[in-house]
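# Overview (structure and organization)
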Amino acid sequence: MKLPRRQFLHLAAGAAALPALSRIASAQAYPTRPVRLIAGFPPGGVVDVFARLIGQWLSDRLGQPIIIENRAGAGGNLAAEAVVKAPPDGYTLLMVGSNNAWNVTLYDNLSFNFIRDIAPVASIYHGPAVLVVHPSFPAKSVPELIAYAKSNPGKVNMASGGVGSSQHVYGELFKMMTGVDMLHVPYRAGGRRSPIFSPGKCRSFDTLATSIEHIKAGKLRALAVTSATRSEVLPDIPTVGDLCRAMREPAGKGLALPGIHPPRSSTSSTRRSMRASPIPG
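Residues numbered from 1 in each chain as written. Predicted model: local features only at pLDDT ≥ 70, side-chain atom pairs only at ≥ 80, totals over all residues. Heavy atoms only, no water.

## A look at the side chain of Asp-48
Positionally, Asp-48 belongs in helix H2 (residues 46-62). Looking at Asp-48, its side chain comes within polar contact range of the side chain of Arg-52, at 2.8 Å. Sequence-distant contacts of Asp-48, that is, excluding residues within four places in its chain, are made with Pro-42, Pro-43, Ile-68 and Asn-70. (Helix = DSSP H or I, 4+ residues; strand = E, 2+ residues; numbered from the N terminus. Polar contact = N/O pair within 3.5 Å; in protein donor to acceptor, adjacent residues only side chain to side chain. Contact = heavy atoms within 4.5 Å.)

Here it is in structure tokens:
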């Protein structure tokens, strides 16, 4: 059967448009199934807390379950690697933290390039860390802590969420800038498993998000915040100030997708969905 040339061209144009229309419809319908949000640290820590808060918030607005998957290890690199290897279809997200930025210099043999292989979607949180001690600790200020640590070299423990965690990096920087000798004590999970909750010679840098309620309850004593100005939620607590100038930059959290040659439709549709339901600041 022969078709007139004009009719043939119309049919061909319509057939060519079908895949594009299908992709557009698919992008507009995102998400059509549950989305995984991978956190690189165990339950109870700040990354997990923010993942669960934003996961519930997104689930309510996108109409699909957001499944939080804790994949701890290697300072968050195992989680990042899992997302890099996932299909770039918008259904696997990474809870990004400050650790992802400095892991580039802490680890020599990463199997991925974070800047190249991960596509950012949305910024969630920016905030300072806070230097905390157990209420029984003798130092009640940063100068007193420095003096005490210098008088007791190697006898003050420095708690962290693990090697390469934000607490560890802040603590090592504090040691370098103040010349104190403290013993690093990593722990595997957040919350009350931290040795900072046990009476003794221990201190830690922690995020306000995970420590503020403990500070208000008197279970932790805040000595200083790492921001350039005082925190609105702890107005009576001074800043670390010039002693830790390099730590004034706020830590951050955000969402990201695998970015190895991602189809433009999947990444952009995810971003559109996030913009359609803006994350509260």
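## Comments concerning helix H8 (residues 208-216)
Those residues of H8 that sit buried are Leu-208, Thr-210, Ser-211, Ile-212, His-214 and Ile-215. Among the structural elements, H2, strand E4 (118-127), strand E5 (129-133), strand E8 (202-207) and strand E9 (221-225) are those in contact with the buried residues of H8. Directly after H8, the chain includes Gly-218, whose backbone phi takes a positive value near 80°. (Buried < 20%, exposed > 50% of the residue type's maximum accessible area, 1.4 Å probe, protein only.)

## Some details on the confidence of the model for the protein chain
Averaged over every residue, the pLDDT of the protein chain is 79; the share at 70 or more is 70%. Between residues 260-266, whose pLDDT stays under 50, and residues either more than four places distant or in other chains, the model counts 10 contacts. In this model residues 276-281 is a low-confidence stretch, pLDDT under 50, and it forms 9 contacts with partners more than four residues away in sequence or in other chains. (pLDDT = per-residue confidence, 0-100.)

## Some points on the sheet that holds E8
Strand order in the open sheet formed by 5 strands is E7-E6-E8-E5-E9, and the pairing between neighbours is mixed. The open sheet terminates on both sides in strands that have one partner only, identified here as strand E7 (183-186) and E9. Strand-to-strand twist in this sheet, taken as the mean axis angle between neighbours without regard to direction, amounts to 30°. Relative to E7, strand E6 (residues 157-160) is paired through 4 bridges, and the arrangement is parallel. What sits directly across from Asn-157, in E7, is Leu-183. Each of E5, E8 and E9 touches H8; the most contacted strand, E8, lies at about 120° to it. (Pairing = 2+ DSSP bridges. Axes fitted to C-alpha atoms, helices over the stretch in contact; angles between N-to-C directions.)

## Points about unusual backbone geometry
Negative phi is the rule for most residues except glycine; trans is the rule for most peptide bonds. Omega for the peptide link from Tyr-30 to Pro-31 comes to -5°, which places this bond in the cis form. Position of Pro-31 relative to the elements: it lies in the loop between helix H1 (5-29) and strand E1 (35-39). Positive phi is not limited to glycine here, since Ala-74 has a value of about 55°. Relative to the assigned elements, Ala-74 resides in the loop between strand E2 (66-70) and helix H3 (77-85). Overall, the relative accessible area of 36% leaves Ala-74 in the partly exposed class.

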